[in-house]
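An overview of the molecular structure
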Amino acid sequence: MFKKIDHLGIAVEDLAAAVELFRDTLGLEYAGEETVADQKVRTAFFPLGESSVELLEATDPDSPIAKYIEKKGPGIHHIALRVDDVAKAIEVLLGKGVRMIDTVPRVGAHGAKIAFIHPKSTPGILVEICQRGDE
């Protein structure tokens, strides 16, 4: 069902400073920023091989990213796994008793269909399943 690691999501307090670090200091290719209004977040992507690094900055103090940073501080927020069909993956996971945050797909950055597995069904890790429209 899972094809590869799509991206690693990293929660940051200052997107501009984090972009500078990853682009200028670490030398990663910068693919630009995007605001995902529904999730109250600004993202920046850095392709790296077949995967990418996604930086996430809250655009609202009530956003999941703001709450995450408040509770745990900046750092790795989630791992995203690529699937061919998010709706089907949700169905399979629910059938196996996996607790889902999203029981129907929603739209994420770059128009991808996404859903999150609840960390209580994993060893405390937030896992995103991701279906890209470009495949």
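Residues numbered from 1 in each chain as written. Predicted model: local features only at pLDDT ≥ 70, side-chain atom pairs only at ≥ 80, totals over all residues. Heavy atoms only, no water.

1. Describing the nonpolar core
Counting residues in each nonpolar core, the largest one holds 12 residues, listed as Leu 81, Val 83, Val 86, Ala 89, Ile 90, Leu 93, Val 98, Met 100, Ala 115, Ile 117, Val 127 and Ile 129. Contributions of two or more residues to this core are made by helix 3 (86-95), strand 7 (113-117) and strand 8 (127-131). Per-element tally for this core: the top contributor is helix 3, with four residues. Excluding its chain neighbours within four sequence positions, the residues that come into contact with Val 127 are Ile 79, Leu 81, Ala 115, Phe 116, Ile 117 and Thr 122. One finds Ala 18, Leu 28, Ala 44 and Leu 55 within the second-largest nonpolar core, a separate group that totals 11 residues. (Core = buried A, V, L, I, M, F, W, Y, C linked by side-chain atoms within 4.5 Å. Buried < 20%, exposed > 50% of the residue type's maximum accessible area, 1.4 Å probe, protein only. Helix = DSSP H or I, 4+ residues; strand = E, 2+ residues; numbered from the N terminus. Contact = heavy atoms within 4.5 Å.)

2. Here we look at a positive patch on the surface
Positive charge collects at one region of the surface, where Lys 71, Lys 72, Arg 99 and Lys 120 lie side by side. Position of Lys 120 relative to the elements: it lies in the loop between strand 7 and strand 8. (Patch = residues over 30% accessible without salt bridge, like charges linked within 9 Å, V, L, I, M, F, W, Y side chains within 5 Å. Areas by Shrake-Rupley, 256 points an atom, 1.4 Å probe, with all protein chains shown as cover. Salt bridge = Lys/Arg side-chain N within 4 Å of Asp/Glu carboxyl O. Lys, Arg positive; Asp, Glu negative; His and termini not counted. Charge placed at Lys NZ, Arg CZ, Asp CG, Glu CD.)

3. Looking at the sheet that holds strand 5 (residues 75-82)
The strand order 2-3-4-1-5-8-7-6 describes an open sheet built from eight strands, whose pairing is mixed. The open sheet has two edge strands, strand 2 (33-36) and strand 6 (106-107), and neither has a second partner. Strand direction decides the pairing type here: strand 1 (residues 4-11) and strand 5, joined by seven bridges, are antiparallel. When the bridges of strand 5 are listed, Ile 5 appears paired with Leu 81. Packing against the sheet, helix 1 (residues 15-25) makes contact with strand 1, strand 2, strand 3 (41-48) and strand 4 (51-58), and its axis sits at approximately 5 degrees to strand 3. (Pairing = 2+ DSSP bridges. Axes fitted to C-alpha atoms, helices over the stretch in contact; angles between N-to-C directions.)

4. Re helix 2 (residues 64-72)
Where helix 2 is concerned, the buried positions are Ile 65, Ala 66, Tyr 68 and Ile 69. Each buried residue of helix 2 lies within a common arc of 160 degrees when the element is viewed along its axis, so the set occupies one face. Opposite its buried face, helix 2 presents the exposed residues Pro 64, Glu 70 and Lys 71, each directed more than 90 degrees away. On its buried side, helix 2 packs onto strand 1, strand 3, strand 4 and strand 5. Looking one or two residues beyond helix 2, the residue adopting positive phi is Gly 73, at roughly 85 degrees. (Arc of directions from axis to C-beta.)

5. Some points on the pattern of salt bridges
Within this structure, the stated rule accounts for eight salt bridges. For Asp 84, the salt bridge is made with Lys 3, and the minimal N-O distance between the two is 2.9 Å. Separated by 81 residues along the polypeptide, Asp 84 in the loop between strand 5 and helix 3 and Lys 3 in the segment before strand 1 bring together distant segments of the chain. The shortest N-O distance in the salt bridge between Arg 82 and Asp 6 comes to 2.5 Å.

6. Focus: the environment of His 7
By the secondary structure assignment, His 7 is in strand 1. Under the relative-accessibility criterion, His 7 is labelled buried at 3%. In this structure, the C-alpha to C-alpha distance between His 7 and Leu 126, residues 119 residues apart in sequence, is 13 Å. Apart from residues lying up to four places away in sequence, His 7 is in contact with Phe 45, Ser 52, Glu 54, His 78, Ile 79, Ala 80, Glu 128 and Arg 132. Separated by 2.7 Å, the side chains of His 7 and Asp 6 make a polar contact. Of the polar contacts made by the side chain of His 7, one reaches the side chain of Glu 54; its length is 2.9 Å. (Polar contact = N/O pair within 3.5 Å; in protein donor to acceptor, adjacent residues only side chain to side chain.)

The quantities given are spatial measurements derived from coordinates; they are silent on function.
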